[in-house]
Amino acid sequence: PARTVVTGPLAPYAQGWRAELAARGFARHSVLAHAQLMAHLSGWMMSAGHDVGSLTDEVIGGYLDARRAAGYRARAGGRALDPLLGYLRGLGVVSQPVAVPATPAEALLAEFCGYLAGERGLAAVTAGRYARFARVLIAGLGITSEADLAAVTAADIAAFTVSQASRRNPADMQGLVTAVRSLLGFLHVTGRVTARLDAAVPAAPGRRATSLPRGIAPGQAAALLASCDRDSAAGRRDYAILTLLIRMGLRAGEVTGLALDDIDWRTGELTVRGKADDHARLPMPADVGEAIGERARHRPGR
């Protein structure tokens, strides 16, 4: 790489660029390729009468067009010069690119991601996945403005969802349906659409029945409950947990998060807390209440 001679306006920065690439851990052949690209760009700038401060997006585009016209295939795309331009911008010799204003659709998706993270408590990676599916909906319906959003109908949403089902596997389709419903709920909450269009999203096609887990038989459930030693603290605890799982169909995490304050003994209701601080009040069967009450009366420390 040191034998690659750079002439023209970028020559003063050639040695530092090579050292920067080496410091970043680039292999010798990669350093050579980037050095050659720098030499080619600098020579073109010199012949075209450009100095280093004139490396605007328009000039860079002109150089890449000339490089492709000269028959170069390697490093002739728009991202080929990104590392070198980043280095020169860090030195302050090339101006930062002018920020392109976000389109209304991009601004909407950014606000949607903020809503998912701030209001729904979703992780960044999950919010990003929802946004990718939401972008598919926005592009598919040709939405470019707030007026387009207001004109969307339930029929549009249903037709879009059906069209996607033919090109996606069940798991991917389930993710799209969930994200689209979430986006439509967000649009309603923020007043961009007046109707609850999320109800118009058809259910995603399920997996094949052969892949569904089988539930246990009633006799097995009864035997499982009977196996708990209800004369011991551990047995009463296990019996209460299993009763909640079997009789109310709760998830393990929902049972783990239950507290006595979540039970309204007067109305016979139970507050179940789900993801992102979501919660629901459910009627509590009598045998569930008896199992929890027995556990509470005899819990250790009372």
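Details of the structure are given in the entry above.
Anyway, here's the lowdown on the structure attached to this text. (Residues numbered from 1 in each chain as written. Predicted model: local features only at pLDDT ≥ 70, side-chain atom pairs only at ≥ 80, totals over all residues. Heavy atoms only, no water.)

Overview of the packing of aromatic side chains
- Within the structure shown, the criterion is met by 4 aromatic pairs.
- Here the aromatic rings of W17 and Y87 are separated by 5.2 Å at their centres, their planes lie at 35°, and the arrangement is tilted. With W17 in helix 1 (residues 14–23) and Y87 in helix 4 (residues 82–91), this pair connects stretches of sequence that are 70 residues apart. Neither W17 nor Y87 differs from the other in exposure class; each is buried. (Phe/Tyr/Trp six-rings, centres within 6.5 Å; stacked < 30°, edge-to-face > 60°. Helix = DSSP H or I, 4+ residues; strand = E, 2+ residues; numbered from the N terminus. Buried < 20%, exposed > 50% of the residue type's maximum accessible area, 1.4 Å probe, protein only.)

Here we look at the pairing of strand 2 (residues 269–273)
- Sheet topology places strand 1 (residues 263–264) next to strand 2; 2 bridges connect them, and they run antiparallel. Its bridge partner being in strand 2, D264 is matched across the sheet by E269.
- Following strand 1, the chain reverses through 4 residues before pairing antiparallel with strand 2; G268 in that reversal takes a positive phi of roughly 70°.
- Examined bridge by bridge, strand 2 and strand 3 (residues 279–283) share 5 bridges and lie antiparallel to one another. Paired with R273 across the bridge in strand 3 is H279. (Pairing = 2+ DSSP bridges.)

Observations regarding the sheet that holds strand 1
- A sheet is described by the order of its strands in space; here 3 strands give the open sequence 1-2-3, paired in antiparallel fashion. The open sheet has two free edges, formed respectively by strand 1 and strand 3, since each of these has just one partner strand.

Structural notes on the packing of helix 8 (residues 154–165) against helix 9 (residues 170–189)
- The interhelical angle for the contact between helix 8 and helix 9, taken along N-to-C directions, is 160°, at an axis separation of 10 Å. Considering the angle they form, helix 8 stands roughly antiparallel to helix 9. In this structure, helix 8 crosses over helix 9, and the sense of that crossing is right-handed. Here I157, F160, T161, Q164 and A165 of helix 8 come into contact with helix 9, specifically with M173, L176, V177, V180 and L184. (Axes fitted to C-alpha atoms, helices over the stretch in contact; angles between N-to-C directions. Parallel < 35°, antiparallel > 145°, perpendicular 65-115°, else oblique. Left-handed = near helix turned anticlockwise from the far one by under 90°. Contact = heavy atoms within 4.5 Å.)

Concerning the environment of L85
- Within the fold, L85 resides in helix 4.
- Residue L85 is classed as buried on the basis of its relative accessible area, which comes to 4%.
- Put simply, L85 and P12 are 73 residues apart on the chain and 15 Å apart in space, counted from C-alpha to C-alpha.
- Setting aside its immediate chain neighbours within four residues, L85 contacts L55 and I60.

What to know about the nonpolar core
- Formed by 32 residues in total, the largest nonpolar core has its most connected members in F112, I157 and L187.
- Mapped by element, the contributors of at least two residues to this core are helix 5 (104–118), helix 6 (124–140), helix 8 and helix 9.
- In terms of residue count, the dominant contributor to this core is helix 9 (9 residues).
- If near-sequence neighbours (up to four positions away) are discounted, I157 is found in contact with L137, L141, V152, L184, L197, A200 and V201. (Core = buried A, V, L, I, M, F, W, Y, C linked by side-chain atoms within 4.5 Å.)

Examining the side chain of H34
- Along the chain, H34 turns up in helix 2 (residues 28–48).
- Those residues within four positions of H34 in sequence are excluded, and the remaining contacts are W17, L21, F26 and P83.

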